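Chain by chain, the residues run as shown.
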Amino acid sequence: KQWYQRRVAITAGKEGSGLSNPREGSTVSVSWSMKHLDRDLETRSVKFILGDGAGEGVVPGVEKALLKMKKGESANVTVKSPYAYGDVGDAKLAVPGGADLVYNLTLEDFEQAKYKYEMSNAEKIEFAEKAKELGTEYFKAGKFDLALKKYKVITEYLEPEAEDFDDMPDSDDEDKDGEAEKSEEKDPEHERKSQLLQVASYSNQALCLLKLQDGINAFKACESALKLDPKNIKALFRRGQSAEMSQEWEDAIGHFKAVLEEDPKNTAAASKIKFCRNKVMSFKQAQKKKYANMFERTNFKEPEPIKDENKVKPDFSDDEEGEAIGSDEEKPQEMEV
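1. A short note on the overall build of the protein
- Across its full length, the protein carries nine helices and eight strands.
- In the protein, which comprises 337 residues, the share counted as buried stands at 33%.
- Residue pairs in contact within the protein that sit at least 24 positions apart in sequence constitute 63% of those at least 6 positions apart.
- As displayed, the protein offers around 23600 Å² of accessible surface, 48% of which is attributable to carbon and sulfur atoms.

As structure tokens, this is what we get:
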């Protein structure tokens, strides 16, 4: 029995063929029978993209197991509750909350996903567009974490790869040849589509993160979008929302003003500015009241000294000068030379 992160246990059954396992992004065809204790709950066959199983009702534990299997392999897979249906369960399948499930799982076939470096420019664009469509479907279904995952894949695949300087040629001639080859590979249309998809991806990542109440990372996603397109209205607006979520009211006002600079008729941004200004005013009034109360609690008068009527004042008079040394009248000070 092989355990995966102590959540999924795989007991070998029928051996598969080949040397490779499917990786995330591969299209897999699988079948299983699933039970809880002695009750058979589901028998099913399904084809889906590994990593997107949630959209097809595939639990995370099954996807984890498939990453370890070969084509044609069958195995008994025990999936702990957190990698199955969690504490909620699934009423439709009669899975109780907190249930560990056992699958008799078969990987019928799979089409291996390509690595990023194996893809042509056209394939990368096609891959990103499909990921965007799927992310939008997840978002509309309220599955914001899954939508975020798909939007992140887009930027991972379309971001320019960092150059490996260890593999750079040493001679000037080789440098020129390398630069010529790189310039030939550049495709203006690909660059245009790639940038549009990346901007939309970062902006949509920000939207998902706002739904997930993560204002800090939403702000970072907006900044990434604006590096590529400084005038993008959605990214500008969501940057303001991110600052608002973090209660950075004055920063939010500045970001929403940037929206109005590009789109003076944007009523949503104008409304947000008014809202944030009210928040700033309320905060200042609350601070003023807080410190006023603090000063009132610490503002006290010192008690007056008690007068002793029977006390005799000493006589410090000087007979020679006829001047009271201890009197209230002071001598005028002379300027020193």
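Still to come is the rest of the account.
2. Examining the pattern of salt bridges
- Summed over all chains, the structure comprises 10 salt bridges.
- A salt bridge links Lys 130 to Glu 126, with the shortest nitrogen-to-oxygen separation between them at 3.6 Å. Residue Lys 130 and its partner Glu 126 are both found in helix α2 (residues 121-140); the two are separated by four residues, about one turn of the helix.
- Here Glu 126 falls in the partly exposed class, since its relative accessible area comes to 43%.
- Here Glu 189 ties to Arg 192 by a salt bridge, and the two come within 2.6 Å at their closest N and O atoms. Pair noted here: Glu 189 and Arg 192 are both in helix α5 (residues 188-211), with a separation of three residues, about one helical turn.
- We classify Arg 192 as partly exposed; its relative accessible area is 44%.

3. Observations regarding the nonpolar core
- Residues Val 30, Trp 32, Leu 66, Val 77, Tyr 103 and Leu 105 are the most contacted members of the largest nonpolar core, which totals 30 residues.
- Elements with a minimum of two residues in this core: β2 (8-12), β3 (27-36), β4 (39-49), α1 (60-66), β5 (74-79) and β6 (101-111).
- Top contributing element to this core by residue count: β6, with five residues.
- Residue contacts for Tyr 103: discarding those within four places in its chain leaves Trp 32, Ser 33, Met 34, Val 59, Val 62, Ala 75, Asn 76, Val 77, Val 79 and Tyr 85.

4. Considering helix α3 (residues 144-158)
- A rise of 1.5 Å per residue sets the reference length of α3, with its 15 residues, at 21 Å; its end C-alpha atoms lie 22 Å apart and thus fit the reference within 8%.
- Burial in α3 covers these residues: Leu 146, Ala 147, Leu 148, Lys 150, Tyr 151, Val 153, Ile 154, Thr 155, Tyr 157 and Leu 158.
- Those residues of α3 hidden inside the fold are in contact with α2 and α5.

5. Digging into the pairing of β4
- When β3 meets β4, the two strands line up antiparallel, connected through 10 bridges. Paired with Met 34 across the bridge in β4 is Glu 42.
- Hairpin connection, β3 to β4: the antiparallel pair is bridged by two residues, and Leu 37 has positive phi, about 55°.

6. Description of helix α7 (residues 233-245)
- Between the first and last C-alpha of α7 there are 18 Å, a value that for 13 residues agrees with the 18 Å anticipated at 1.5 Å per step.
- Listed as buried for α7 are Ala 235, Leu 236, Phe 237, Arg 238, Arg 239, Gly 240, Ser 242, Ala 243 and Glu 244.
- The positive-phi residue at the C-terminal boundary of α7 is Gln 247, with phi of around 60°.

7. Quick notes on the packing of helix α6 (residues 215-228) against α7
- The N-to-C vectors of α6 and α7 enclose an angle of 155°; their axes lie 8 Å apart at closest approach. Classed by the angle they form, the pair α6 and α7 counts as roughly antiparallel. Crossing of α6 against α7: the hand is left-handed. Mapping the contact onto sequence places Gly 215, Ala 218, Phe 219, Cys 222, Glu 223, Ala 225 and Leu 226 in α6 and Ala 235, Leu 236, Arg 238, Arg 239, Ser 242 and Met 245 in α7.
- Looking at side-chain class alone, the contact of α6 with α7 contains eight nonpolar, two polar and three charged residues.

Cut-offs and rules
- Residues numbered from 1 in each chain as written.
- Predicted model: local features only at pLDDT ≥ 70, side-chain atom pairs only at ≥ 80, totals over all residues.
- Heavy atoms only, no water.
- Helix = DSSP H or I, 4+ residues; strand = E, 2+ residues; numbered from the N terminus.
- Buried < 20%, exposed > 50% of the residue type's maximum accessible area, 1.4 Å probe, protein only.
- Contact = heavy atoms within 4.5 Å.
- Areas by Shrake-Rupley, 256 points an atom, 1.4 Å probe, with all protein chains shown as cover.
- Salt bridge = Lys/Arg side-chain N within 4 Å of Asp/Glu carboxyl O.
- Core = buried A, V, L, I, M, F, W, Y, C linked by side-chain atoms within 4.5 Å.
- Expected span 1.5 Å × (residues − 1).
- Pairing = 2+ DSSP bridges.
- Axes fitted to C-alpha atoms, helices over the stretch in contact; angles between N-to-C directions.
- Parallel < 35°, antiparallel > 145°, perpendicular 65-115°, else oblique.
- Left-handed = near helix turned anticlockwise from the far one by under 90°.
- Nonpolar A, V, L, I, M, F, W, Y, C, P; charged D, E, K, R; others polar.

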